[in-house]
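Next come the chains, spelled out residue by residue.
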Amino acid sequence: MLEEAIRMKGMTSAIFSQVDELRKQADAIGKDVITLSIGSPDLAPAPHIIAALKEGIENTNNYGYTLSKGVSAFLEAVAAWYDRKFGVILDPETEVHSLMGSQDGLAHIALCLVNPGDVVLVPDPGYPIFSAGPLAANAELYRMPLIAANNYLPDLDAIPLDVLRRAKIMILNYPNNPLAAIAPSEFFQKVIDFAKRHHILVCHDFAYSELVFDDYRPDSILSFPGAKDVAIEFHSLSKTYSMAGCRAGFVVGNAKAIELLGRIKSNFDYGIFYPVQMAAIAALRGPDDCVRQTAALYQRRRDIIVDGLMAAGWKVPRPKASMYIWAPVPTKQLSFDFVVDLVNEAGVAVIPGVGFGACGEGYVRFALVQPEERLRLAVERITKWLG
Ligand SMILES: Cc1ncc(COP(=O)(O)O)c(C=O)c1O
């Protein structure tokens with residue numbers, strides 16, 4: 001009989017699977033469920049991205065291993081993109097590394113820095129890999145509560161000193177999944193000073209940097225003085241360019257951390273399929289209107305859900321970024337029980353907030369991954385159901 005390793009105990013996708021199971025059961029009895037649970041984009045990449053991928057695939061020289069670092073043209077395209085978007089100058093040789101999606105880097109970074117007894121500071125609620133990666137490295141987790149009263153920012157001063165003495169990494173993510181929260185500029189400067197004082201590497205997940213609304217522009221943590229001494233930033237092409245299955249991402253910033261992650265990756269994998277790198281280069285170097293259109297589309301979806309729920313008497317915040325709505329449970333139920341009823345009775349599937357950590361209890365997350373007419377139908381069903 002196989003017995004799972006101890007590290008597996010903390011790695012569970014139970015709530016996500018349970019919601020999917022509910023949806024499947026409803027499907028099986030012929031009930032239509034509008035799925036707003038998993039955050040997988042339903043959009044296609046722009047034609048120039050697909051054209052680059054096609055061209056790459058047709059060249060039979062492109063089927064060998066690539067180095068995990070990424071080809072020079074990719075690393076240079078990332079550096080140029082960072083300069084254009086955030087005014088941050090990067091050395092493509094030492095401060096940029098390719099990833100098979102940002103998940104790849106987030107999963108492995110703790111392995112580079114954590115020894116037994118070391119701590120990783122993670123947001124609660126948080127995107128699951130923030131905890132699963134460090135757990136795979138046998139790290140101890142310290143969960144930083146992100147609550148509405150603190151604008152969903154961690155209270156750095158509340159982290160105990162004995163934890164800080166053992167902390168090696170802090171993981172942050174703004175614009176945030178699942179909270180759809182954003183961080184003000186002064187927060188990042190505070191984080192950098194804090195990380196310097198306590199010798200912590202800040203890992204900022206910036207996957208939603210481009211899914212921003214109402215003229216809001218987020219800051220790269222690397223645009224603040226001293227950031228490269230203590231921070232790296234993870235990026236994804238999955239959401240910005242709707243390439244989620246076409247795995248491409250990158251990490252930038254502190255050269256030592258990039259070198260360590262690169263060393264782990266060069267042992268673990270052989271890099272991104274070259275045609276995918278060509279598609280990523282086309283995306284990063286290409287015209288920006290596809291990105292603006294994607295953001296505008298998510299903004300319209302946001303407004304359909306927010307306006308609709310507000311009209312139904314369900315008070316939800318209108319986020320400035322991301323592809324999620326973080327909504328307080330409008331009944332007295334626990335978030336999971338509420339979701340069971342929402343799926344079975346209203347035919348709408350969302351994720352219970354507790355699936356992202358204990359501090360997510362009391363909330364649910366809507367992912368804006370259905371076309372506008374389906375979202376309108378979801379609002380209609382919820383309005384009728386809430387009565
Ligand atoms: C906050 C956050 N980080 C990382 C990822 C993973 O993205 P990628 O497809 O680049 O691995 C996601 C995907 O949903 C996410 O929401």
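Sequence order as written defines the numbering, with residues in each chain counted from 1. Only residues with pLDDT of 70 or above have their local features reported here, since the model is predicted, and side-chain atom pairs are shown and tallied only from 80 upward, although totals for entire chains, interfaces and linings are computed over all residues.

Caption draft 1: Quick look at the overall build of the chain. A run of H or I in DSSP counts as a helix once it spans at least four residues, and a run of E counts as a strand once it spans at least two, with each numbered from the N terminus. Of the regular secondary structure elements, the chain holds 14 helices and 12 strands. Values of the radius of gyration come from C-alpha atoms, whereas the globule rule sets the reference at 2.2 Å times the count of residues to the power 0.38. Its C-alpha radius of gyration of 21 Å places the chain within 12% of the 21 Å reference for a compact globule of 387 residues. Taking the principal axes of the C-alpha coordinates as reference, the chain spans close to 60 × 55 × 55 Å. For the chain, buried positions account for 50% of its 387 residues. Three exposure classes are used, all based on how many other C-beta atoms lie within 10 Å of a residue's own C-beta (placed from the backbone): buried at 20 or more, exposed at 12 or fewer, and partly exposed between those limits.

Caption draft 2: How the structure looks around the nonpolar core. Of all hydrophobic cores here, the largest spans 124 residues; its most connected members are Val78, Ile169, Val202, Ala279 and Phe366. Annotation comment: domain bounds sourced from an automatic or database domain assignment. Taken together, domain 1 (10-39 + 290-386) and domain 2 (48-285) each give at least three residues to this core, which thus spans both. With residues near it in sequence (within four places) discarded, Ile169 still touches Ile109, Ala110, Leu113, Val120, Leu121, Ile200, Leu201 and Cys203. In these notes, a nonpolar core means any group of buried Ala, Val, Leu, Ile, Met, Phe, Trp, Tyr and Cys residues linked to one another through C-beta atoms within 7 Å. The contact rule is simple: place each C-beta atom from the backbone, and if two of them lie within 7 Å, those residues are in contact.

Caption draft 3: Representation of the site of the ligand in the model. Throughout this description, a residue near a molecule or strand is one whose C-beta atom, derived from the backbone, lies within 6 Å of it. Around the ligand lies a shell of 13 residues, among which Gly101, Gln103, Asn177, Ser236 and Ser238 are the nearest. For this classification, Asp, Glu, Lys and Arg are treated as charged, while Ala, Val, Leu, Ile, Met, Phe, Trp, Tyr, Cys and Pro are nonpolar and the rest, including Gly, are polar. Of the residues that constitute the shell around the ligand, the class distribution is 3 nonpolar, 9 polar and 1 charged.

Caption draft 4: Structural detail: the sheet that holds strand S12 (residues 363-367). Paired strands are those between which DSSP finds at least two bridges. Taken in spatial order, the 3 strands line up as S9-S12-S11 in an open sheet, and their pairing is antiparallel. With one partner strand each, in any of the chains shown, strand S9 (324-328) and strand S11 (351-352) form the two edges of the open sheet.

Caption draft 5: View of unusual backbone geometry. Asp124 connects to Pro125 through a cis peptide bond whose omega is 5 degrees. Tracing the sequence through the fold places Pro125 in the loop between strand S3 (119-124) and helix H5 (129-136). Going from Tyr174 to Pro175, the amide bond is cis rather than trans, its omega being -5 degrees. Within the element layout of this structure, Pro175 appears in the loop between strand S5 (167-173) and helix H7 (185-198). With a phi angle near 60 degrees, Asn138 is a residue other than glycine that sits in the positive phi range.

Caption draft 6: Spatial organisation of the pairing of strand S4 (residues 140-145). Taken together, the 6 bridges between S3 and S4 define a ladder with parallel strand orientation. The residue of S4 that forms the bridge with Leu121 is Tyr142. Crossover S3 to S4 through H5 is right-handed. Place the viewer so that the strands point away; then a crossover is right-handed whenever the path from the first strand over the helix to the second strand goes clockwise.

Caption draft 7: A look at the sheet that holds S5. The strand order across the open sheet built from 7 strands is S2-S8-S7-S6-S5-S3-S4, with neighbouring strands paired in mixed fashion. The sheet is open, and its two borders are formed by strand S2 (96-99) and S4, each paired with just one other strand. The average undirected angle you get between the axes of adjacent strands in this sheet is 20 degrees. The sheet contact formed by strand S7 (residues 231-236) and strand S8 (residues 249-253) spans 5 bridges and is antiparallel. Paired with Ile232 across the bridge in S8 is Gly253. Running over the sheet, helix H3 (residues 72-86) touches S2 and S8 and is turned about 110 degrees from S2. Only the contacting stretch of a helix is used when fitting its axis, a line to C-alpha atoms as for every element, and angles between N-to-C directions run 0 to 180 degrees.

Caption draft 8: View of the domain arrangement of the chain. In terms of domain boundaries, the chain breaks down into domain 1 (10-39 + 290-386) and domain 2 (48-285). A straight line from the C-alpha centre of domain 1 to that of domain 2 covers 26 Å. Each partner contributes residues to the interface: domain 1 has 25 residues there, and domain 2 has 29 residues. Mapped by element, the contributors of at least two residues to the side of domain 1 that touches domain 2 are helix H12 (289-311) and S9. The element contributing the most residues to the side of domain 1 that touches domain 2 is H12, with 6 residues.

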